[in-house]
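# Results of the structural survey
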Amino acid sequence: MAALLSLLAAAAVASASPGDCSALEGASGDVVVEKATAIPAGVAFRPDDKTTFYKSVPVDSPFCRVEGRIEGTIGFELWLPMAWNGRLLGAGVGGDAGVFNYLDMSLRVAQGFATVTTDSGHKVTEAHWMRVPKARTDYEHRAVHLTAQAAKALAARFYARPVERSYFTGCSGGGRQALKEMQVHPLDYDGVIAGAPGPNMPLQSVRMMWFALEAQRKPAAALSDADWSLYENAVTRACDPLDGKVNGIITNPLQCRFRTATLLCKPGQAEGCLTAPKLAMLKAVIAPLRDERGRAMDRGLFPAVRTRPGPPSPLLRAMWADAAHDDPEWDALTFSRTGDLATINRVMPQLRADSTAISPFLAAGHRAIIYQGWQDPSTNAGPTLEYYGALARDNGGLAKLSEAVRLFMVPGMYHCRGGPGADTFGASGHAPISEDPASDMLWALIRWVEKGIAPPRIEARKIADGTSFTRPICAFPASARLERGEWTCRHDPALLAWPSARLKR
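- As annotated in an unreviewed UniProt entry, the protein chain is Feruloyl esterase from Novosphingobium subterraneum.
- The UniProt entry for the protein chain carries the following comment under Sequence similarities (unreviewed entry): "Belongs to the tannase family."

This is the structure we're talking about:
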C-alpha cells in the first residue's frame with residue numbers, strides 16, 4: 001500500500017507525458033517497472049506470447065508498453081495508448097494463470113483503453129507454485145487487486161490525469177477474478193464482466209477430479225469424445241424445437257426432458273449407441289455428484305452438457321497434490337470427495353467466489369455483468385444460476401439486484417466460447433467489431449455505468465465454417481424466442497423454476 005501511495009505522490013509532482021514512456025521505469029516501494037517501451041504506430045506489434053494461450057492480435061496503434069512486478073512475484077503488463085479514452089481495462093486470466101492476457105489487451109488498446117493484466121503472482125514455468133502460501137493468496141485475489149492499484153497510479157503519472165473509469169473483463173478463471181473484485185475489492189473497478197466464473201471452484205473441481213478418476217478405474221465405461229457427441233446430438237434433436245426454431249441450439253435446457261436409456265445399444269448394435277457400462281457412467285456423470293455417504297454434493301448437469309474425456313487437468317492435480325496435501329507425489333487414487341474438499345476450502349478459503357455480501361460494490365454505484373454458456377463443460381451453468389439466485393435473495397430480490405448486476409445465459413455456448421450457439425458478443429477474448437452497446441458486452445457495461453442504461457439484451461454472433469448468424473442473449477429471467485420471424489426476449493417462467501431462483505421479483 002505504501003508503494004502505491006508513493007506512486008500517486010510521484011504522479012502529482014513529476015508526471016510523465018504520453019510521449020515520455022521510459023520515464024516510468026524504476027522502483028517505487030514494492031512496485032518495480034522493469035521496462036517501459038514506446039511502441040510506434042503501424043508496426044503490427046505482437047509480444048512474445050509463446051507461453052500464454054491468450055495470443056495477441058497485431059497492434060498498429062502507438063502505445064507505451066510497461067512491464068513490471070509487485071512485491072517481487074506478481075508480474076504485470078500495462079499498455080498505455082497515446083490516444084487514451086480515459087478508461088482502464090483489466091484483463092483476467094484463467095486456468096492456473098502464470099501468464100498474461102495479451103489477447104484482450106491487444107483487442108482493446110486500439111479502442112483507447114489503457115489495458116492491464118497480471119500473471120496472478122507466479123509464472124507458468126513454476127510447476128509447484130501452489131505449495132507457496134503467498135502464491136496461493138495472490139492467485140485467489142491479491143494479485144488482481146494490487147495490479148489494479150498500480151495500473152491506476154502509473155496511468156495517472158503517464159497521462160498527468162487520473163483514470164476516469166475502470167473496467168474488468170474475464171472468463172473462466174478470469175470470470176472468477178471479476179467476481180472476487182466485486183466481492184472483496186469493490187472499489188477497484190466501476191464495472192466488471194464475469195464470464196463462466198465457476199463461483200464454487202473447489203466443488204466444481206471435486207466433480208471434475210472424481211469423474212476423471214472414475215474413468216481411469218473403469219476403462220470399459222470411460223466415455224470418449226464421440227460418446228459425448230452422440231449424447232449431445234440426441235438431446236439437441238429432442239429439445240431444439242422448444243424455442244420455435246430448429247437450428248441445433250437448445251435455448252433453455254430447463255425445459256428439456258431426455259431419457260438417456262434410449263442410447264443403450266440393442267442386441268447386435270455396435271455403432272450410434274452406448275454399451276451398458278458407458279450408459280451407467282453417463283448417468284452418473286450427469287446426475288448429482290454424491291459424497292461417500294451417498295448425499296448429493298451438487299445438482300448435476302443440464303441436458304446436452306458434455307464433459308472433457310481423459311485424465312485430470314494439471315490445475316486439478318496442483319490443487320489437490322500441492323495445495324491441499326503439500327505433496328507433489330500425492331496418489332490421486334486416494335482422493336476423497338468430502339475430505340479433500342474440506343481441506344482445499346481451509347487451505348485456500350478465498351478460492352470460492354460465491355459470497356453474496358456485495359453491499360459496498362452496490363453502494364458505490366458499480367455494475368456487473370455475469371454471462372454463462374448453458375452447455376459449458378468446465379464451469380457448469382448450474383452453479384452460476386444458483387449464485388445469481390443467492391445474490392438476489394440476499395440483496396433485495398431479483399428486480400432490485402438487476403439494477404446493478406445482470407446475468408446473461410448463452411444458449412448453445414461451451415466454455416467461454418465455442419459450441420453450436422452464437423458465442424461472440426464483445427466479452428473476454430471476443431474481437432470487437434464496433435463500440436455499439438447493442439452488440440458488444442464491454443460497451444454495454446460502459447453505457448450502463450456511465451449513462452445508467454442497463455442492457456436488456458445483447459446481439460451475439462456466430463462465425464464458423466464460412467457461415468454466420470446473430471441471435472440475442474437475454475438478461476435473466478428472459479429467454480430468446482422466435483416470434484413472427486423475429487427473435488425477442490421474453491420472460492421465461494422456466495428459469496424461475498430453478499429452485500435457487502424462486503425469489504420475489
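### Section: the packing of helix α3 (residues 133-159) against helix α4 (residues 173-184)
- One way to put it is that α3 packs onto α4 with a least axis distance of 10 Å and a crossing angle of 70 degrees. Regarding the angle of α3 to α4, the classification is roughly perpendicular. Seen from α3, the contacting residues are Tyr139, Glu140, His141, Val144 and His145; seen from α4, they are Arg176, Gln177, Lys180, Glu181 and Val184.
- Of the residues in the contact of α3 with α4, the class split is 3 nonpolar, 3 polar and 4 charged.

### Let's talk about the pattern of salt bridges
- By the definition in use, this model includes 31 salt bridges.
- The residue aspartate 190 makes a salt bridge to arginine 165 at a minimum N-O spacing of 3.6 Å. Placement of aspartate 190 in the loop between α4 and β8 (191-195) and of arginine 165 in strand β7 (residues 165-171) is noted, with a sequence separation of 25 residues between them.
- With relative accessibility at 13%, the residue aspartate 190 sits in the buried group.
- Close ionic contact of aspartate 298 with arginine 207 constitutes a salt bridge, the shortest N to O distance being 2.8 Å. Of the two residues, aspartate 298 sits in the loop between α7 (276-286) and α8 (314-324) while arginine 207 sits in helix α5 (residues 201-217), which places them 91 residues apart along the sequence.
- When salt bridges with common partners are traced through the structure, they connect Glu71, Lys134, Asp138 and Arg142 into a single cluster.

### What about α3?
- For α3, which comprises 27 residues, the first-to-last C-alpha distance of 36 Å matches the rise-based estimate of 39 Å (1.5 Å per residue) to within 8%.
- In the structure, α3 departs most strongly from a straight axis at tyrosine 139, where the bend amounts to approximately 70 degrees.
- The buried fraction of α3 is high, at 21 of 27 residues.
- Following α3 by one or two positions, alanine 160 has its phi on the positive side, about 60 degrees.

### Focus on the packing of α5 against α8
- Put simply, α5 and α8 touch, their axes get as near as 11 Å, and they point 110 degrees apart. Our classification of the angle between α5 and α8 gives roughly perpendicular. Helix-helix and strand crossings are classified by hand; for α5 and α8 the assignment is left-handed. Of the residues in α8, those in contact with Met201, Pro202, Ser205, Val206, Met208 and Met209 of α5 are Leu315, Leu316, Met319 and Trp320.
- Classifying every residue of the contact of α5 with α8 gives 9 nonpolar, 1 polar and no charged.

Conventions and cut-offs
- Residues numbered from 1 in each chain as written.
- Predicted model: local features only at pLDDT ≥ 70, side-chain atom pairs only at ≥ 80, totals over all residues.
- Heavy atoms only, no water.
- UniProt positions renumbered as here; feature names shortened; annotations may be inferred.
- Axes fitted to C-alpha atoms, helices over the stretch in contact; angles between N-to-C directions.
- Helix = DSSP H or I, 4+ residues; strand = E, 2+ residues; numbered from the N terminus.
- Parallel < 35°, antiparallel > 145°, perpendicular 65-115°, else oblique.
- Contact = heavy atoms within 4.5 Å.
- Nonpolar A, V, L, I, M, F, W, Y, C, P; charged D, E, K, R; others polar.
- Salt bridge = Lys/Arg side-chain N within 4 Å of Asp/Glu carboxyl O.
- Buried < 20%, exposed > 50% of the residue type's maximum accessible area, 1.4 Å probe, protein only.
- Expected span 1.5 Å × (residues − 1).
- Bend = angle between axes of the 7 residues up to and from the residue.
- Left-handed = near helix turned anticlockwise from the far one by under 90°.

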